[in-house]
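# Descriptive structure summary
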Amino acid sequence: MAILSTKHFVLLALFVYFNPLTFAAPVVISGYAPTPATCPSTPLVRTASGTSSSESAYVAARKSVAAAALGNWLKKVDSSFQTSNLPTVALTTSGGGLRSLLTGAGVIQALDSRDSNVGTSGLYQGLTYEAGLSGGAWLLSSLAGNNYPTISSLQNNLWTTAFAQSLLAPNGPLAGPAYAQISADISAKSAAGFQPTLVDPYGRLLSYQLLYGPDGGVTTDLSTVSTLSNFTSHNVPYPVITALNVQTASGVCLPPANAVIYEFSPYEFGSFDNGVNAFTQTKYLGTSLSNGQPTKSTCEVNYDNLGFILGTSSDVFNALCTTFPAVASMPGLIGTLAGLISQTHALTFMDEYALYPNPFYQYAPSSLVSAQKTLSLVDGGESHQNNPLFPFLQPSRAIDVILVNDNSADTSANFPDGSEIYQTYQQAQLAGLTRMPVIPPSSVFLAQGYTIRPTFFGCNDNGKITIVYLPNHNYTFPSGQSTSKLQYSPAETDGMIKNGGQVATYGGNATFAKCLACVVVKKSGTALPADCAQCFMDFCYN
């Protein structure tokens, strides 16, 4: 059964609300189009038998840096903590549009010793992995694509103005020149032989708000993150963005509950899921492949434009599930986006999806998609798994603790109710990913107050990952903002980020940093301070 949450229909309603923009024909040059390049000497496709050699090498080096930082944080919290054999820690940020971006930004700020001075400050430096989907992917992309500045820096120098004058509201003061440039970008991609869809101009518009550089950071590809100084110095967690597969060739519009979860990282794109079970090099996305081999004398680069990928992870246009004559005549942003791509081809149902030349075409291990020449990807949360946990449940990554910042809009007040992470738990069991701890249904979350305070899952089972659940809650600001809200005043942006800091610290609770440290160290099996016992009583499920 396909699942699509209310947030996606609300977001589409907003896209229809804004007045469309009329723009002049562009006279500018684009850097958006994929371009031919020499193919690499290494294989372009591999079976998903574990992580890639590139990721493994990065993580090994990162783990050394992270362990030292994690040890420093633990000693700051309590000098009696032992810091040998420390666990591998990850962070995920859910979908939820700008609500999730801003709340997640506050969480990271409260964990980042460069940007805050609270009990949790320094834990971000101890992370080995980080993942985001949809609004969480916007946040992760803005960090990674800009070489991991502080949240304060992004807020002051980019987000405050960008979110107040959102280009997703096409009548804003900056819209004209941007839309003209984006029109050129779309035409350039088409001229290079690749069909643009609604996701292309959508991702370009988002990039203007999230990335530095001319034309909304148009030259920033996901693979180029691996060349940035904080990445090459192993100073930052390994980033992963997720999206879902839709079997459009079978005539369906929406992903099922067990949809294939694709992951994008600086080195690879693909999935561990049955039916795909393969990865390709991110840098060469867009290359025509058959059975893992190029079908032409050259490969393609620049298809992994970071704006296109973050747009892919937040693509909800498939909720329209309709033919395009009706869509193109809609007022508002959807009509404007449709107008941009209609310059290049007659619109079809497929324009609702992010389209990728299938790197697993005719590749036998990828039985589910091997007959398809194109992959159709959508928002990573459409299967009601709004927290990007699946990549971190893989045994080959050996992650011990995951901080899960859930900013979903499951309730009428736009707060999480635990149903998203429970859905992931159910699907993990079906997929044989047994390291996820027991997660109760949303009725338990609501009854026990787990939706308004941190909860630790998997505390007492060393064979399971420990999940630190950090739900959005309105501590100091009305943070249950609609997913459809795509413009925030400077005061709202500031208030949301500050409230996110409260999410990370349990409202500034004096003992929470100690309890967080206790549950992290517990996975190492070393002796713990005596007062950790009370922490586990207070925060551990079962």
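Structure first, text after, so check above.
For clarity, every value in this text was computed on a predicted model and none was experimentally measured.

Analysis parameters
Residues numbered from 1 in each chain as written. Predicted model: local features only at pLDDT ≥ 70, side-chain atom pairs only at ≥ 80, totals over all residues. Heavy atoms only, no water. Helix = DSSP H or I, 4+ residues; strand = E, 2+ residues; numbered from the N terminus. Rg over C-alpha atoms; globule rule 2.2 N^0.38 Å. Buried < 20%, exposed > 50% of the residue type's maximum accessible area, 1.4 Å probe, protein only. Contact = heavy atoms within 4.5 Å. Areas by Shrake-Rupley, 256 points an atom, 1.4 Å probe, with all protein chains shown as cover. Lys, Arg positive; Asp, Glu negative; His and termini not counted. Charge placed at Lys NZ, Arg CZ, Asp CG, Glu CD. Core = buried A, V, L, I, M, F, W, Y, C linked by side-chain atoms within 4.5 Å. Pairing = 2+ DSSP bridges. Right-handed = clockwise from strand over helix to strand, strands pointing away. Disulfide = S-S within 2.5 Å. Salt bridge = Lys/Arg side-chain N within 4 Å of Asp/Glu carboxyl O.

Now for the overall build of the protein chain. Within the protein chain, the secondary structure is distributed over 17 helices and 16 strands. The C-alpha radius of gyration computed for the protein chain amounts to 22 Å, which stays within 12% of the reference 24 Å derived for 542 residues, consistent with globular compactness. The principal-axis extents of the C-alpha atoms in the protein chain amount to approximately 70 × 50 × 45 Å. Among the 542 residues that make up the protein chain, the fraction classed as buried is 63%. In the protein chain, 74% of the contacts between residues at least 6 apart in sequence involve partners at least 24 apart. Of the roughly 17,700 Å² that the protein chain leaves accessible, carbon and sulfur atoms contribute 54%. In the protein chain, 22 side chains carry a positive charge and 29 a negative one; their mean positions are 7 Å apart.

So, on to the nonpolar core. Core analysis: the biggest nonpolar cluster contains 148 residues, and Trp159, Phe264 and Tyr356 have the highest contact counts within it. Residues within four places of Trp159 in sequence aside, it is in contact with Leu101, Ala105, Leu139, Ser142, Ile151, Leu154, Ala164, Gln209, Leu210 and Ile497.

What follows is about the environment of Gly216. Of note, Gly216 is situated in helix α8 (residues 214-217). You can call Gly216 buried: its relative accessible area is 3%. Taking C-alpha positions, Gly216 is 13 Å from Ser166, a pair spaced 50 residues apart along the chain. Not counting residues within four places of it along the chain, the set of residues in contact with Gly216 comprises Arg204, Ser207, Tyr208 and Leu211.

Bringing the pairing of strand β3 (residues 89-93) into the picture now. For β3, a buried count of five out of five residues is recorded, marking the element as mostly surrounded by other parts of the structure. Side-chain alternation along β3 places Val89, Leu91 and Thr93 on one buried face and Ala90 and Thr92 on a second face that is also buried. Direction of pairing for β3 relative to strand β14 (residues 401-406): parallel, over a ladder of five bridges. When the bridges of β14 are listed, Ala90 appears paired with Ile402. Once the chain exits β3 it traverses helix α3 (residues 97-111) before rejoining the sheet at strand β4 (residues 129-132), and the crossover so formed is right-handed.

One pass over the full model with this rule turns up five disulfides. A disulfide bridge connects Cys253 with Cys321, and the sulfur atoms are separated by 1.8 Å. Judged by the sign of its S-S torsion, about 75°, the cystine formed by Cys253 and Cys321 is right-handed. Highlighted residues: Cys253 in the loop between β5 (238-245) and β6 (261-264) and Cys321 in the loop between α10 (306-312) and α11 (324-328), separated in sequence by 68 residues. Taking relative accessible area as the criterion, Cys253 reaches 12% and is therefore assigned buried. A disulfide bridge connects Cys515 with Cys535, and the sulfur atoms are separated by 2.0 Å. In this structure the cystine formed by Cys515 and Cys535 twists about its S-S bond by roughly -75°; its chirality is therefore left-handed. Residue Cys515 is located in helix α16 (residues 512-522), and its partner Cys535 is located in helix α17 (residues 532-539); the two are separated by 20 residues in the primary sequence.

Here the focus is the pattern of salt bridges. Scanning all chains against the criterion turns up eleven salt bridges. Between Asp185 and Arg204 there is a salt bridge, with its nearest N and O atoms 3.2 Å apart. Placement of the pair is Asp185 in helix α6 (residues 175-191) and Arg204 in helix α7 (residues 199-210), with a sequence separation of 19 residues. Ionic pairing is found between Lys498 and Asp494, a salt bridge with its closest N-O pair at 2.9 Å. Linking Lys498 with Asp494, this pair stays in helix α15 (residues 490-505), spanning four residues, or about one helical turn. Residue Asp494 is classed as partly exposed on the basis of its relative accessible area, which comes to 26%. Look at the salt bridges and you will find they share partners, linking Glu55, Glu263 and Arg397 into a network.

Remember that the coordinates give geometry; whether it matters functionally is a separate question.
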